[in-house]
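Close look at the chain arrangement
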Amino acid sequence: MSGPLQSVVVPTTPFDDQKPGTSGLRKKVKVFMQKNYTENFIQCIFNALGDKLKGSTLVVGGDGRYFSKPAINAIIRIASANEVSKLIIGQLGIFSTPAVSALIRERKVLGGIVLTASHNPGGIRNDFGIKYNIENGGPAPDQFTNAIYEHSLKIKEYKTTPSLETDRLIDILGTSKFNVDGREFTVEIIDSSKDYVALMKEIFDFHKLRALIRGTDKRPAFHILLDSMNGVTGVFVRNIFIDELGASPDNNVRRIVPLDNFGEIHPDPNLTYAKDLVDAIKQDPTYDFGAAFDGDGDRNMILGKNAFFVTPSDSLAVIANNLECIPYFKKNGVHGFARSMPTAAAVDRVASKLGKEMFEVPTGWKYFGNLMDAGRLSLCGEESFGTGSDHIREKDGVWAVLAWLSIIEHKNMGVEEILKEHWKLYGRNYFTRYDYEECETEPAHLLMQHLESLIASDSFVGKSYTSNGKTYKVAQADNFSYVDPIDNSVAKNQGIRILFNDGSRLIYRLSGTGSSGATIRIYIECYEKEDVLTHAQVMLKPLVNIGLEISQLKKFTGREEPTVIT
């Protein structure tokens, strides 16, 4: 233990822009680099925790993006001065978001601070983020993030221990003890992936998965290509797929070294930003399966042979329909399914057939947590490439890939075969999302106000719209609100919904995950029972045209084309 250290109180003034969004506070790196900006927000997290903080243990880590180390240094010093007893930090500050959730639950600690802007770009010119996960391992609920924001508007000081040496602390595995104001303060640096890998081995049959990937006398090797997009999952892909499951480091993985700027790419696993992976699988017909992960490891994209794309909505439904091949669910049972409101309703059909409870919640993984804690939810997903189960309280990209490989091994079928079999049984929910990123904030809000007034008019319900020979009649329109069935909390204004007579839907939302400007998202969905093999963008084109007509998006934003189509 080092010699006695003394904490100090540093005067500060509030910032008016520290309101957490769907997944914490995300801003440009240079915003966090402002004097006292990061320190203020960390202190406000601790202030919101109140008396629970004293003597507590917290997990700290993130995706390793630029500014992570200075932020961790600040957290260590501020935690020590605020009477936190212990911090558990991933070596080099690295932790995937799912791994943080798993560790909070495994160690039964108060919570964790996650340093990530998830799928947003990294580097000094780009984004950084801080979010707090509560004792169940999930993102903090609205009540807590609102409390952080209230503290941020009136903060006058933060506590820190400036003489606590942190520069090389997170580099080396081991435990360090400090005496701060006469109290013992402990920092434990651990292997980032060890606990998470152990959890995955409890959930899945690694013997069967290794036989799938390596091949057997009776079955050829199943060729995979996993792309970590220079994000944090590189550590986990190496430890699970290479070390445990026998995948080749040369042929089965790519971009698995985490970089603080993600190699100047956008680490978002979709058809636009993971185009390199799509092209690699299209060009090499020996690949049977592909997957990409985002910066902090909670999102995933699934591809089959020839880059056959699985929408996140279909991915959730397929996993729901095949849980019997995963040992975890055989042991623990299946208690219910859920999806975010914008996500296509494919999983609803599985829930109905299997007689399981089905929940539709607002966007944001925190809304699944109460249902899981109450034992009413086993599997859930969001159309924004997030899938997960009640093993943790976050979406989990590596888990989703292991789930898909388990289904493939069990059914002895390829990805496209599995999807076509599924559509034949359930029909197909065609789905796409148009993202208009970094729009000017005021026009984006005017667009949403236009939609609000439109759906409120007496003549809107019952109105018909026609495009490309297809006609859709409005059956219902609202701004989605949600009452949590566990604690009766209410979430309002979660997105404009326009529902048509045939089950088709248009959803409009302003995203809460960007760091600047506004991202307008339009979600387009139609259901077909028989015609399940048409290209999605062809099938959805009439409804896309109607969605743009109703919103008058070009008039409000000047945008001709979306930034991303998924």
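A brief look at the structure comes next. All residue numbers refer to position in the chain's written sequence, counted from 1. Per-residue local features of the predicted model are confined to residues with pLDDT of at least 70, and side-chain atom pairs are confined, for both listing and counting, to 80 or more; whole-chain, interface and lining totals are unaffected and use all residues. The basis for every side-chain value is the complete set of heavy atoms in the structure, and neither hydrogens nor water enter the calculation.

Regarding the overall build of the chain
- Across its full length, the chain carries 18 helices and 28 strands.
- By the compact-globule yardstick of 24 Å for 566 residues, the chain fits well, its C-alpha radius of gyration being 24 Å.
- Along the three orthogonal principal directions, the C-alpha set of the chain runs to about 75 × 65 × 40 Å.
- Here the term buried applies to any residue with accessible area under 20% of the maximum for its type, exposed to any over 50%, and partly exposed to those in between, with areas from a 1.4 Å probe on protein chains only. Across the 566 residues that make up the chain, the buried fraction comes to 60%.
- Note on contacts: a residue pair qualifies if any of its non-hydrogen atoms lie within 4.5 Å across the two residues. Long-range contacts, defined as pairs at least 24 residues apart, comprise 72% of the intrachain contacts of the chain with a sequence gap of at least 6.
- Surface exposure here means Shrake-Rupley accessible area, sampled with a 1.4 Å probe, where a residue is shielded only by the protein chains that are shown. Accessible surface for the chain amounts to roughly 21700 Å². Of this, 48% is attributable to carbon and sulfur atoms.
- Measuring between centres, the 65 positive side-chain charges of the chain sit 1 Å from its 70 negative side-chain charges. Here a strand is any run of E in DSSP of at least two residues, a helix any run of H or I of at least four, and the numbering for each starts at the N terminus. The quantity called the radius of gyration is restricted to C-alpha atoms. Its globule counterpart is 2.2 Å times the number of residues to the power 0.38. Positive charges are assigned to Lys and Arg, negative charges to Asp and Glu, while His and the chain termini are left out of the count. A single reference atom marks each charge: NZ on Lys, CZ on Arg, CG on Asp, CD on Glu.

Observations concerning the nonpolar core
- What makes a nonpolar core is a set of buried Ala, Val, Leu, Ile, Met, Phe, Trp, Tyr and Cys residues whose side-chain atoms join them at distances within 4.5 Å. One finds Phe241, Phe289, Trp399, Trp404 and Leu405 to be the most contacted residues of the largest nonpolar core, which totals 75 residues.
- Sequence-distant contacts of Phe241, that is, excluding residues within four places in its chain, are made with Ile213, Ile224, Leu226, Phe236, Gly246, Ala247, Val398, Val401, Leu402 and Leu405.
- In terms of nonpolar packing, the next biggest core, distinct from the first, is built from 46 residues, Val29, Phe41, Val60 and Ile78 among them.

Quick notes on the pattern of salt bridges
- For salt bridges, the criterion is a side-chain nitrogen of Lys or Arg within 4 Å of an Asp or Glu carboxyl oxygen. Within the structure shown, the criterion is met by 38 salt bridges.
- A salt bridge links Glu357 to Arg376; the nearest nitrogen and oxygen atoms lie 2.6 Å apart. Linking Glu357 in the loop between α12 (346–354) and β17 (358–361) with Arg376 in the loop between α13 (366–373) and β18 (379–382), this pair joins segments that are 19 residues apart in sequence.
- In this structure, Arg433 and Asp435 form a salt bridge, with 2.7 Å as the shortest nitrogen-oxygen distance.
- Note on Arg433: relative accessible area 4%, which makes it buried.
- Through salt bridges with shared partners, one network takes in Arg339, Asp348, Glu360, Asp478, Arg497, Arg505 and Glu525.

Considering the packing of aromatic side chains
- Stacked, edge-to-face and tilted are the three classes for Phe, Tyr and Trp ring pairs, Trp counted by its six-membered ring, which pair at centre distances within 6.5 Å; planes under 30 degrees apart are stacked, over 60 edge-to-face, the rest tilted. Counting across every chain of the model gives 16 aromatic pairs.
- Here the aromatic rings of Phe204 and Trp399 are separated by 6.3 Å at their centres, their planes lie at 55 degrees, and the arrangement is tilted. Residue Phe204 is found in the loop between α6 (194–203) and α7 (206–214), and its partner Trp399 is found in helix α14 (residues 397–411); the two are separated by 195 residues along the sequence.
- Look at Phe204 and you get buried, because its relative accessible area is 2%.
- Centre to centre, the rings of Trp365 and Phe368 are 4.7 Å apart; their planes meet at 75 degrees, and the pair counts as edge-to-face. Take Trp365 and Phe368: they sit in the same class, and that class is buried.
- Put simply, the rings of Phe15, Phe32, Tyr37, Phe67 and Phe128 touch in pairs and so form one group of aromatic residues.
- Only lysine NZ and arginine CZ atoms are considered, and such an atom sits over a ring when it is within 6 Å of the ring centre and within 35 degrees of the ring normal. Sitting over the ring of Tyr527, Arg349 keeps its end group 3.4 Å from the ring centre.
- Directly above the aromatic system of Trp423 lies the positively charged group of Arg428, at a separation of 4.0 Å from the ring centroid.

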